Amino acid sequence: MAQTTNVLEGKLTGVWLDIGNGLEYFRCQTDAQLQLTASTTENDTCKPDQTDGAENVGLSWVTRTVDSKDWQITFSAKAFLDSLGANQSALAQFFINSSTLEVEAEFATNANFASHSHPVDDFYTGTGLLTGLTINGPESGDSTYDVTIDGNGPLTFEQVPHTT
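All of the points below concern the structure found in this document. For every chain, the first residue of the written sequence is number 1, and numbering continues from 1 along that sequence. Totals for whole chains, interfaces and linings use every residue, but because this is a predicted model, local features are given only for residues with pLDDT of at least 70 and side-chain atom pairs only at 80 or more, for both listing and counting. Only hydrogens and water are set aside; all other atoms, that is, all heavy atoms of the structure, feed into the side-chain values.

### With respect to the overall build of the protein
Move 1: Strands here are runs of E lasting at least two residues and helices are runs of H or I lasting at least four, both read from the DSSP assignment and numbered beginning at the N terminus. Each helix and strand in the protein was counted, giving 1 helix and 7 strands.
Move 2: Secondary structure of the protein in N-to-C order comes out as β-β-β-β-α-β-β-β.
Move 3: Categorising residues by exposure relies on relative accessible area from a 1.4 Å probe, with only protein chains included: less than 20% of the type maximum marks a residue as buried, more than 50% marks it as exposed, and the intermediate range marks it as partly exposed. By residue count, 27% of the 164 residues in the protein fall in the buried class.
Move 4: Intrachain contacts of the protein at a sequence separation of at least 6 include 70% that bridge at least 24 residues. In this description, contact between two residues means that some pair of their heavy atoms is separated by no more than 4.5 Å.

### Notes on the side chain of Asp122
Move 1: Residue position: Asp122 is located in strand S6 (residues 120-136).
Move 2: Overall, the relative accessible area of 17% leaves Asp122 in the buried class.
Move 3: For Asp122, the side chain forms a polar contact with the side chain of Gln159, separated by 2.9 Å.
Move 4: Not counting the four nearest positions on each side in its chain, Asp122 is found in contact with Phe107, Ala108, Thr109, Phe157, Glu158 and Gln159. Here a polar contact means two N or O atoms within 3.5 Å. Within protein one must be a hydrogen donor candidate and the other an acceptor candidate, and residues neighboring in sequence count only if both atoms are side-chain atoms.

### Brief notes about the pattern of salt bridges
Side chains that differ in charge, positive against negative, can pair when their charged atoms come close.
Move 1: Salt bridge, as used here, is a side-chain nitrogen of Lys or Arg placed within 4 Å of a carboxyl oxygen of Asp or Glu. Inspection of the entire model under this criterion finds 2 salt bridges.
Move 2: Linking Arg64 and Glu42 is a salt bridge whose minimum nitrogen-to-oxygen distance equals 3.2 Å. With Arg64 in strand S4 (residues 64-78) and Glu42 in strand S3 (residues 29-42), this residue pair connects regions lying 22 residues apart in the sequence.
Move 3: For Glu42, a relative accessible area of 48% gives the class partly exposed.
Move 4: Between Asp142 and Lys78 there is a salt bridge whose closest N-O contact spans 3.3 Å. Of this pair, Asp142 sits in the loop between S6 and strand S7 (144-161) while Lys78 is found in strand S4, placing the two residues 64 residues apart along the sequence.
Move 5: With a relative accessible area of 31%, Lys78 lands in the partly exposed category.

### Description of the pairing of strand S1 (residues 13-18)
Move 1: Within S1, 5 of the 6 residues are buried, which leaves the element mostly enclosed by the surrounding structure.
Move 2: One bridge is not enough; two strands pair if DSSP finds at least two bridges between them. For S1 and strand S5 (residues 102-109), the ladder comprises 6 bridges, and the chain directions are antiparallel. The partner of Thr13 across the bridge, within S5, is Thr109.
Move 3: Both S1 and strand S2 (residues 24-25) contribute to a ladder of 2 bridges, which runs antiparallel. Each residue of the ladder has a partner; that of Leu17, found in S2, is Glu24.
Move 4: In sequence, S1 turns back onto S2 through a hairpin of 5 residues, with Gly20 there showing a positive phi of about 120°.

Here's what the structure looks like:
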């Protein structure tokens, strides 16, 4: 089967956070997700008008209005003891010491990987709150951590032409 060259490989997408030291990539990510959601209200349907007649009484389609939009970034990564820059220790210190938990977040393709063949790099950027940090210590295997950033305002999207 022929491989499609336009497919964006998951390993090229990751999370950068600014927790006070500038925007940093959190190394050795094993999974990253950006979820966009909307809260809606269903408008009430009405009984048919008495003048419609029985032959014109059919289904009423539900209509919705958007009340709000939201975004959330989650990612998982391997934990490290040494100082590889941004890691679970930096996030734990930030969570414990920050009164606002506010971070700048970027969910993006990594423009530093010159080998990818798609023509643009995608950048989703916004201010969020660090609402979850779980550090996992399994009996066997590598220690990992999971992070949740809940959007706190709008998320922006930009596509930048990729240059090699």
